[in-house]
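Here are the chains, one letter per residue:
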Amino acid sequence: KQPVLQLGLAPAHAVGGVLVGQQLPSPVDAEVAALRDEVRTVGLALLDHQSAAERLLGIEWSQGTARTPQVVDALLERVQYDPNLSVRLAAVDALRSDLARNDVSAGLALALEKQESPLIQVALTDALLATGSGTGIDAVRKMLSRSELDPTVRDYLQMALNEADAAAVPQGPEACRDRMHFHPRCM
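In this convention, every chain numbers its residues from 1, walking through the sequence in written order. Predicted model: local features are reported for residues with pLDDT of at least 70 only, side-chain atom pairs are reported and counted for 80 or more only, and whole-chain, interface and lining totals are derived from all residues. Side-chain metrics in this entry use all non-hydrogen atoms of the structure; hydrogen atoms and water are not considered.

Chemist: Explanation requested: the pattern of salt bridges in the structure shown.
Modeler: One side chain can pair with another of opposite charge once the charged atoms of both are near each other. Each salt bridge in this description consists of a side-chain nitrogen of Lys or Arg and a carboxyl oxygen of Asp or Glu lying within 4 Å of one another. For the structure shown, the criterion picks out eight salt bridges. Salt-bridge contacts for Arg96 lead to Asp93; the nearest nitrogen and oxygen are separated by 3.4 Å. Partly exposed describes any residue whose relative accessible area lies between the buried limit of under 20% and the exposed limit of over 50%, with all areas from a 1.4 Å probe on protein chains only and scaled to the type maximum. Residue Arg96 is classed as partly exposed on the basis of its relative accessible area, which comes to 32%. Here Arg146 ties to Glu116 by a salt bridge, and the two come within 3.0 Å at their closest N and O atoms. Here the residue Arg146 occupies a position in the loop between helix H8 (134-144) and helix H9 (151-168), and Glu116 occupies one in the loop between helix H6 (102-114) and helix H7 (118-131), the gap between them amounting to 30 residues. By relative accessible area, Arg146 is classed as buried at 13%. The exposure class of Glu116 is exposed, given its relative accessible area of 56%. Numbering of helices and strands runs from the N terminus; a helix is a DSSP stretch of H or I covering at least four residues, while a strand is a stretch of E covering at least two.

Chemist: Help me understand the nonpolar core in this model?
Modeler: Looking at soluble globular proteins, one finds that nonpolar side chains tend to be buried together. Among the nonpolar cores identified, the biggest contains 37 residues, and Leu75, Val79, Leu95, Leu108 and Leu124 are the most heavily contacted of them. Of all the secondary structure elements, the ones that give two or more residues to this core are helix H2 (27-47), helix H4 (69-81), helix H5 (85-95), H6, H7, H8 and H9. Among all residues touching Leu124, those that are not within four sequence positions of it are Val79, Val92, Leu108, Ala111, Leu112 and Gln115. To form a nonpolar core, buried Ala, Val, Leu, Ile, Met, Phe, Trp, Tyr and Cys residues must be joined to one another through side-chain atoms within 4.5 Å. By definition, residues are in contact when any of their heavy atoms lie within 4.5 Å.

Chemist: What am I meant to see in the environment of Ser62 here?
Modeler: Counting through the fold element by element, Ser62 comes out in helix H3 (residues 52-63). Taking C-alpha positions, Ser62 is 8.8 Å from Val72, a pair spaced 10 residues apart along the chain. Other than its neighbours up to four places away in sequence, Ser62 contacts Arg67, Val71 and Leu75.

Chemist: I would appreciate a short explanation of the side chain of Arg55 in the present structure.
Modeler: If you trace the backbone, Arg55 turns up in helix H3. Accessibility expressed as a relative area gives 7% for Arg55, which makes it buried. Counted as a polar contact is a pair of N or O atoms within 3.5 Å, where, for protein atoms, one must be capable of donating a hydrogen and the other of accepting one, and residues adjacent in sequence contribute only when both atoms are in side chains. At 2.8 Å, the side chain of Arg55 forms a polar contact with the backbone oxygen of Gln50. Among all residues touching Arg55, those that are not within four sequence positions of it are Leu46, Leu47, His49, Gln50, Arg78, Asp82, Pro83, Asn84 and Val87.

Chemist: Teacher, can you tell me more about a nonpolar patch on the surface here?
Modeler: Only residues above 30% relative accessible area that lack a salt bridge enter a patch, with like-charged residues linked at up to 9 Å and the nonpolar side chains Val, Leu, Ile, Met, Phe, Trp and Tyr linked at up to 5 Å. Using a 1.4 Å probe, accessible areas were evaluated by the Shrake-Rupley method; residue-level cover was limited to the displayed protein chains. A grouping of Val42, Leu57 and Trp61 is seen on the molecular surface, where their side chains present a nonpolar patch of about 230 Å² in accessible area. On the basis of relative accessible area, Leu57 is assigned to the partly exposed category, the value being 33%.

Chemist: Would you take a moment to explain the side chain of Arg88 for this structure?
Modeler: Residue placement: Arg88 occurs in helix H5. An unpaired buried charge is present at Arg88: no salt bridge exists, and Asp82, the closest side chain of opposite charge, is 5.8 Å distant. A polar side-chain atom of Arg88 sits 2.6 Å from a polar atom in the side chain of Gln115. Those residues in contact with Arg88, other than ones at most four positions away along the chain, are Arg78, Val79, Asp82, Pro83, Gln115 and Ile120. Just so you know, the count uses Lys and Arg for positive and Asp and Glu for negative, and it drops His and the chain ends.

As structure tokens, this is what we get:
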């Protein structure tokens, strides 16, 4: 009986319906989440496969998934214990995007202590020094104290540490005045 009121309420109801509909979970969202979980599960299964080629494929898959603690732990395990050098190197590379995480830098530091391969030692050093954390620097310094360390690796580690220290040095007298630094250059 009031067409003007009905005409005014119709668009309001339509907008309200759209807004409510957007807030409701979609079956497509649930399917996408389930698919992501399946991909993560397949990737984790591949990381534990007997074949090195399959483990490498698992590492590649892990790079396309969300980095859950389970995935990070599996990659750190590959870095520390995998018998194949290529798999360990690929796992270090896969973890580079997570270097800001404390558990990753701590896991890589632990792995560095146990590595005998010069290639892995260099790759882990690069990753740890890229974190800029004290944990990484301490791990590299500890590695330098090993008497059985390959001389070429020792030279590389020392050069990398020197570069990391130089990058941490404040540049110019303004840097020392602007911020409180405990570097010898500022004292």
